[in-house]
Amino acid sequence: MNQVVITGTGLFTPEQSIDNDALVASFNAWVDAENARHAEAIAAGEREPLAHSSSEFIVKASGIHSRHVLDAEGILDPERMRPRLRERSDDEPSIQCEMGARAAGEALERAGVAAADIDLVIVGCSNLERPYPALAVELQAELGAGGYAFDMNVACSSATFAIETAANAIRAGNATRALVVNPEICSAHLNFRDRDSHFIFGDACTAIVLERDDLASAESRFEILGTRLVTRFSNAIRNNSGFLNRVTDADPLAVDKLFVQEGRRVFKEVCPMVASLIGDHLQSLGLSGDDLTRLWLHQANRHMNDLIARRVLGRDPDEREAPVILDRYANTSSAGSIIAFHLHRDDLAAGDRGVICSFGAGYSAGSVVVRRA
């Protein structure tokens, strides 16, 4: 079996960002307009008035202060409250392909690998902008990569599931070098009129180069010691948008066609599942929390990350042990744990170990244990 190493990572961050104050101002303007429109029903007790949001509420609930997005103007318009993205012709690169190419370019450069030397491309993310042709095949052509390519979706766990898939292909000799790309346009599936979730998501794209160790030339590399995945079905996080909407005569703009979750239930059910996954995975490798230098966790909620890290390490983590990037990126779905890895890995010494872990809808969770070579 071939040994697999991660030799490069890349990150595309949209230029536009929205802080909590701006997001709250837009939301509250819409709330005021809605309450005014239904004033008579509210006064008659037939309808509950909508409540304002606040920056303090957002930070306390999630730890998020701002988020990067592809289009801030459309989101902040109380009459629209969703991004405005130009429809592209079939002859133009798709939005996610363009994002992927930007992140992949940096990852390839860091790895010292030419795109033509890549023989497997996996695009994994929560929302693909079209069913077919595969975004991964389009990105493969855009970059000039070889081999084969395909898309996969395991919601927020798509990156770690794709890493295991790519690593297994390299271990088995079906590929020598792989590129995993996670283009997340989360602002497009978020209901910006829902007080409990209007602040959660941002947009970003990450890329990872994996290689056979004996072929790698990059000075900085992380050996993959093991991967482990788990899934368990739950409706607590759901999005019902799909190609069957038109044949069931469902409203394509209905609330359930966007991101919907039961936050408290997710917290109670996912945290122990993830902590157990990491703990069992470490034990199978003859390791424990004491052997870890870093936890690069999925960036969904600060409280979830703190609890999971505490259970894995057996104590409260410090900022270096479990770095947080959601304060400025918000939840970027599958890209979150890879952003944390990308920004907080260069200071590790040879022999230091860490865990890249993602978790989300499904439920799904993935653990990738790595060691700095």
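Residues numbered from 1 in each chain as written. Predicted model: local features only at pLDDT ≥ 70, side-chain atom pairs only at ≥ 80, totals over all residues. Heavy atoms only, no water.

Visitor: Give me the overall build of the protein: which residues, what numbers.
Guide: Scanning the protein from N- to C-terminus turns up 11 helices and 13 strands. The C-alpha atoms of the protein give a radius of gyration of 21 Å, which matches the 21 Å a tight globule of 373 residues would have. Along the first, second and third principal axes, the C-alpha atoms of the protein reach 75 × 55 × 35 Å. Residues counted as buried form 54% of the 373 residues belonging to the protein. Within the protein, contacts between residues separated by at least 24 positions form 78% of all contacts whose residues are at least 6 apart in sequence. For the protein, the exposed area adds up to about 16,300 Å²; of that, 48% sits on carbon and sulfur atoms. Charge-centre separation for the protein: the mean point of 37 positive side chains lies 4 Å from the mean point of 53 negative side chains. (Helix = DSSP H or I, 4+ residues; strand = E, 2+ residues; numbered from the N terminus. Rg over C-alpha atoms; globule rule 2.2 N^0.38 Å. Buried < 20%, exposed > 50% of the residue type's maximum accessible area, 1.4 Å probe, protein only. Contact = heavy atoms within 4.5 Å. Areas by Shrake-Rupley, 256 points an atom, 1.4 Å probe, with all protein chains shown as cover. Lys, Arg positive; Asp, Glu negative; His and termini not counted. Charge placed at Lys NZ, Arg CZ, Asp CG, Glu CD.)

Visitor: Give a detailed account of helix α6 (residues 135-143), specifying residues and quantitative values.
Guide: The set of residues buried in α6 consists of Leu135, Ala136, Glu138, Leu139 and Gln140. Directly beyond the C-terminal end of α6, a positive phi value near 85° is found at Gly144.

Visitor: Before we move on, could you go through the environment of Arg193 and cite the residues and values that matter?
Guide: Summarising the element assignment, Arg193 is placed in the loop between β6 (177-185) and β7 (203-212). Along the chain, Arg193 and Ala162 lie 31 residues apart, while their C-alpha atoms are 32 Å from each other. If we skip the residues at most four places from it in the chain, Arg193 touches Phe27, Trp30, Pro78, Glu79, Arg80 and Met81.

Visitor: Quick rundown of the pattern of salt bridges? Include the residues and the values.
Guide: A full pass over the atoms with the stated rule returns 20 salt bridges. The residue Arg310 makes a salt bridge to Asp316 at a minimum N-O spacing of 2.7 Å. On the basis of relative accessibility, which here comes to 36%, the residue Arg310 falls in the partly exposed class. Residues Arg320 and Asp347 are paired through a salt bridge, measuring 3.2 Å at the closest nitrogen-oxygen approach. Taken together, the residues span a long stretch of sequence, with Arg320 in the loop between α9 (302-313) and α10 (326-329) and Asp347 in the loop between α11 (336-343) and β12 (353-360) at a distance of 27 residues. According to the relative accessible area criterion, Asp347 is partly exposed, its value standing at 45%. Salt bridges here are not isolated pairs; linked through shared partners, they connect Glu262, Arg265 and Glu269. (Salt bridge = Lys/Arg side-chain N within 4 Å of Asp/Glu carboxyl O.)

Visitor: Can you explain the UniProt feature "domain: Beta-ketoacyl-[acyl-carrier-protein] synthase III C-terminal" (unreviewed entry) in the protein? Please cite residues and give values.
Guide: The UniProt record annotates "domain: Beta-ketoacyl-[acyl-carrier-protein] synthase III C-terminal" (unreviewed entry) at residues 282-371. End C-alpha atoms of residues 282-371 are separated by 13 Å, and the span's content is 30% helix alongside 22% strand. (UniProt positions renumbered as here; feature names shortened; annotations may be inferred.)

Visitor: Can you break down the side chain of Asp71 residue by residue, with the values?
Guide: Checked against the element boundaries, Asp71 lands in the loop between β3 (66-69) and α4 (72-76). Within polar-contact distance, the side chain of Asp71 engages the backbone nitrogen of Gly74 at 2.8 Å. At a separation of 2.9 Å, a polar atom in the side chain of Asp71 contacts the main-chain amide nitrogen of Arg84. (Polar contact = N/O pair within 3.5 Å; in protein donor to acceptor, adjacent residues only side chain to side chain.)

Visitor: Give a description of the UniProt feature "domain: Beta-ketoacyl-[acyl-carrier-protein] synthase III N-terminal" (unreviewed entry) in the protein that names residues and reports values.
Guide: Residues annotated in UniProt with the feature "domain: Beta-ketoacyl-[acyl-carrier-protein] synthase III N-terminal" (unreviewed entry) correspond here to residues 150-227. Each end of residues 150-227 is marked by a C-alpha atom, and these two atoms are 20 Å apart; helix forms 18% of the span and strand 36%.

Visitor: Break down a nonpolar patch on the surface for me, with residues and values.
Guide: A cluster of nonpolar residues, Phe243, Leu244 and Val247, forms a patch on the protein surface that exposes about 360 Å² of accessible area. With respect to the helices, strands and loops of the structure, Leu244 is situated in the loop between β9 (237-238) and β10 (260-261). By relative accessible area, which is 47% here, Leu244 ends up partly exposed. (Patch = residues over 30% accessible without salt bridge, like charges linked within 9 Å, V, L, I, M, F, W, Y side chains within 5 Å.)

Visitor: Please give an account of the sheet that holds strand β13 (residues 364-372) that cites residues and values.
Guide: Taken in spatial order, the nine strands line up as β5-β4-β6-β7-β1-β8-β13-β12-β11 in an open sheet, and their pairing is mixed. Two strands in the sheet have a free side with no partner beyond their single neighbour: β5 (148-152) and β11 (294-297). Each strand of the sheet is rotated relative to its neighbour by a mean of 25°, with strand direction disregarded. Looking at chain direction, β12 and β13 are connected through eight bridges and run antiparallel. Each bridged residue has a counterpart across the sheet, and for Ile356 the counterpart in β13 is Val368. The sheet strands contacting α9 are β11 and β12, and the helix crosses β11 at an angle near 145°. In the packing of α11 onto the sheet, the strands contacted are β1 (4-12), β6, β7, β8 (222-231), β11 and β12, and the crossing angle to β1 comes to about 100°. (Pairing = 2+ DSSP bridges. Axes fitted to C-alpha atoms, helices over the stretch in contact; angles between N-to-C directions.)

Visitor: Summarise the pairing of β6; cite the residues concerned and give the values.
Guide: Within β6, nine of the nine residues are buried, which leaves it mostly tucked inside the rest of the structure. Side chains of β6 alternate between two faces, with Arg177, Leu179, Val181, Pro183 and Ile185 and Ala178, Val180, Asn182 and Glu184 buried alike. Bridge count for β6 against β7 is nine bridges, and the pairing is antiparallel. Bridge assignment links Leu179 to a residue of β7, and that residue is Val209.

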